[in-house]
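The chain contents come next:
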Amino acid sequence: MNAHAIVIGAGLAGSSAAERLAARGWKIDLIERAHAPAQGASGNVAGVLRPLPSLDDNRLARLTRAGFEHACRHFAALTAAGQPLRWGQTGVLHLARDETHAATQQRVVEIRKAAADQLYFVDRQQARKLAAWPVASGGWWFPGGGWVDPGSLCRANLARYATAITTHYAAEVAQIDRPADLWRARNAAGDVIAAAPVLILANATTARHFAVTAHLPLRAARGQVSHLAAAAGSVPDVVVCRLGYVTPAIDGLRCAGATFSVDDGEAALRESDHAENLAKLDFILPGYGNGIQARDLAGRVGFRPLSPDRLPMIGAIGDAAAIDPDAPSQALAEMPRLPGLYLINGFGARGIVWSALAGELLACLVTAAPLPLPDDLVDAVDPGRFLLRGRSRRQRVDKVR
Ligand SMILES: Cc1cc2nc3c(=O)[nH]c(=O)nc-3n(C[C@H](O)[C@H](O)[C@H](O)COP(=O)(O)OP(=O)(O)OC[C@H]3O[C@@H](n4cnc5c(N)ncnc54)[C@H](O)[C@@H]3O)c2cc1C
């Protein structure tokens, strides 16, 4: 096959897929409706990087651990290659919500015997020392976690093999089709922006706006982050979470958040959401926000692309028109696919943690290379899972709950 792909969307998903294919010698046409990368969900000042352990080490926990480890390696490689990625491995303190949660956190550390560089349980005294604030509980301490500027990650991904990636900014794809062996991405006037044998949809929830992808159950979850003024050297200098998060000071501000509301299209900042973030901040660091008024805060709104089972969608897109809705359920491996059409999407609230691994997995699937994940996790993120009928699909969705 001609090693040439179109990628639609220049956020974490699209830039990760483009970087991984470009690293393998592929030529990429990257199409983005905004004037620059990272103008959508991936444009926050900073987000949190850390794994998500669970008692039963379920698929979400395993995928997130693999994503975290892969992300740390990828970020180190970008930095070593001279890319100006902005991130800080400050450590992440995830405080327990209450005593029951603290007991669960402790049990997870005992049972999972997590590698010492990934996870500890710290008591309240130790947590107070780490946060440099009189926090109300102990919790998990991830020394390898930290914060990441997602926009800088998108730009670094695109700059690393820049000569292989042709960017088309301020170009919105309105239609896709495949009249012969090439996929074409066309604008609203019908002009072809690019044509290639492989087309990768990394355009968040608008990926379902094309006729062949209308079956994808993508939704948007609005999130508002509040920006707090922060003096250099002020505390905390680690990320602290407790039903929300607050970052260390980055360029004179701290991010506190975030709200989460599904199917809420309001793009403007809301004072009520700032108030919600201040309440979360008070739960994390009691008294920290005293004197800060919600009406005075700046911030940013983004829309997280969400899948119903909260796992991402990475892989070849099923051919919905070729599947008989009354036929018994098919195995994923036998599902008819649209040749050359792929999806990298549905990152929800975990795009920073998952995107590097997702880009690598997608590139391996496109090039038929050995996969970086075990088969059950590859199936768990396969976009074809939403075309499985009846019992087989219900079992898959139940397993991740
Ligand atoms: C408030 C908030 C806090 C978050 N915090 C964290 C966190 O702490 N840790 C973490 O891991 N993750 C976090 N996330 C999640 C993470 O930011 C997202 O999962 C990630 O940014 C999604 O990346 P994406 O590339 O899929 O989407 P986007 O960044 O939205 O990229 C999609 C791109 O496609 C473009 N596009 C859409 N349609 C078209 C079209 N037709 N033609 C051309 N271009 C098109 C858009 O302009 C956009 O640039 C947070 C998200 C939000 C909103």
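Here is a short report on the structure shown in this document. Owing to the predicted nature of the structure, the values given are computational and were not obtained by experimental measurement. (Residues numbered from 1 in each chain as written. Predicted model: local features only at pLDDT ≥ 70, side-chain atom pairs only at ≥ 80, totals over all residues. Heavy atoms only, no water.)

With that out of the way, let us pick up the packing of aromatic side chains. For any pair of aromatic rings, the description consists of the separation of the ring centres together with the inter-plane angle of the planes. With the rule as written, the count across this model stands at 3 aromatic pairs. With 4.9 Å between their ring centres and 65° between their planes, W133 and Y288 make a pair best called edge-to-face. Residue W133 is found in the loop between α4 (124–131) and β7 (139–142), and its partner Y288 is found in the loop between α6 (271–284) and β19 (298–306); the two are separated by 155 residues along the sequence. Over the ring of F283 we find R242; its NZ or CZ atom is 3.8 Å from the centre of that ring. (Phe/Tyr/Trp six-rings, centres within 6.5 Å; stacked < 30°, edge-to-face > 60°. Helix = DSSP H or I, 4+ residues; strand = E, 2+ residues; numbered from the N terminus. Lys NZ or Arg CZ within 6 Å of the ring centre and 35° of its normal.)

Moving on: the packing of helix α1 (residues 12–23) against helix α5 (residues 150–160). Following both chains from N to C, one finds α1 and α5 inclined at 25°, their axes separated by 8 Å at the closest point. Relative to α5, the element α1 is oriented roughly parallel. Judged by the sense of rotation from one axis to the other, the crossing of α1 with α5 is left-handed. Contacts between α1 and α5 involve L12, S15, S16, A18, E19 and R20 from the first element and P150, L153, C154, N157, L158 and R160 from the second. By residue class, the composition of the contact of α1 with α5 is 6 nonpolar, 3 polar and 3 charged. (Axes fitted to C-alpha atoms, helices over the stretch in contact; angles between N-to-C directions. Parallel < 35°, antiparallel > 145°, perpendicular 65-115°, else oblique. Left-handed = near helix turned anticlockwise from the far one by under 90°. Contact = heavy atoms within 4.5 Å. Nonpolar A, V, L, I, M, F, W, Y, C, P; charged D, E, K, R; others polar.)

Moving on: the sheet that holds strand β1 (residues 4–8). Spatially, β9-β2-β1-β13-β21-β20 is the arrangement adopted by the 6 strands of the open sheet, whose pairing is mixed. Of all strands in the sheet, those bounded by a partner on one side alone are β9 (165–168) and β20 (313–318). In this sheet, adjacent strand axes meet at a mean angle of 20° when their direction is disregarded. Looking at chain direction, β20 and strand β21 (residues 337–345) are connected through 5 bridges and run antiparallel. From the neighbouring strand, A316 faces β21, where its bridge partner is Y342. Each of β1, β2 (27–31), β9, β13 (198–201) and β21 touches α1; the most contacted strand, β2, lies at about 165° to it. (Pairing = 2+ DSSP bridges.)

As for its position among the elements, R300 is in strand β19. Put simply, R300 is tucked away with no salt bridge, and the nearest opposite charge, on D149, sits 9.3 Å away. In terms of polar contacts, R300 uses its side chain to reach the backbone carbonyl oxygen of Q39, at 3.2 Å. (Buried < 20%, exposed > 50% of the residue type's maximum accessible area, 1.4 Å probe, protein only. Lys, Arg positive; Asp, Glu negative; His and termini not counted. Salt bridge = Lys/Arg side-chain N within 4 Å of Asp/Glu carboxyl O. Polar contact = N/O pair within 3.5 Å; in protein donor to acceptor, adjacent residues only side chain to side chain.)

It is worth spelling out α6 at this point. The first and last C-alpha atoms of α6 sit 20 Å apart over 14 residues, in line with the 20 Å expected at 1.5 Å per residue. Every buried residue of α6 is accounted for by D273, H274, N277, L278, K280, L281 and I284. Along the axis of α6, the buried residues cluster in a sector spanning 160°; they form a single face. (Expected span 1.5 Å × (residues − 1). Arc of directions from axis to C-beta.)

The pairing of strands in a sheet happens through backbone hydrogen bonds and is either parallel or antiparallel. With respect to topology, 3 strands assemble into an open sheet ordered β3-β8-β4, the strand pairing being antiparallel. Only two strands of the sheet have a single neighbouring strand rather than two, namely β3 (47–49) and β4 (87–88). The pairing of β4 with strand β8 (residues 146–148) spans 2 bridges and is classified as antiparallel. Each bridged residue has a counterpart across the sheet, and for G88 the counterpart in β8 is W147.

Turning to the packing of helix α2 (residues 59–80) against helix α7 (residues 351–367), a few remarks are in order. Between α2 and α7, whose axes approach to 7 Å, the crossing angle comes to 80°. Between α2 and α7, the interaxial angle falls into the category roughly perpendicular. Note on element contacts: α7 touches α2 through I352, V353, W354, A356, L357 and E360, opposite L60, L63, T64, A66, G67, F68, H70, A71, H74 and F75. Partitioning the contact of α2 with α7 into residue classes produces 11 nonpolar, 4 polar and 1 charged.

For the rest of this paragraph, the subject is helix α3 (residues 99–112). A rise of 1.5 Å per residue sets the reference length of α3, with its 14 residues, at 20 Å; its end C-alpha atoms lie 20 Å apart and thus fit the reference within 8%. Buried within α3 are the following residues: H101, A102, Q105, V108 and V109. When α3 is viewed along its axis, its buried side chains cluster within an angular range of 120° and face the same direction. Along α3, the residues that are exposed and aim more than 90 degrees away from the buried face are E99 and T100. Looking at the packing, one finds that the buried side of α3 touches β5 (92–95), β6 (120–122) and β7.

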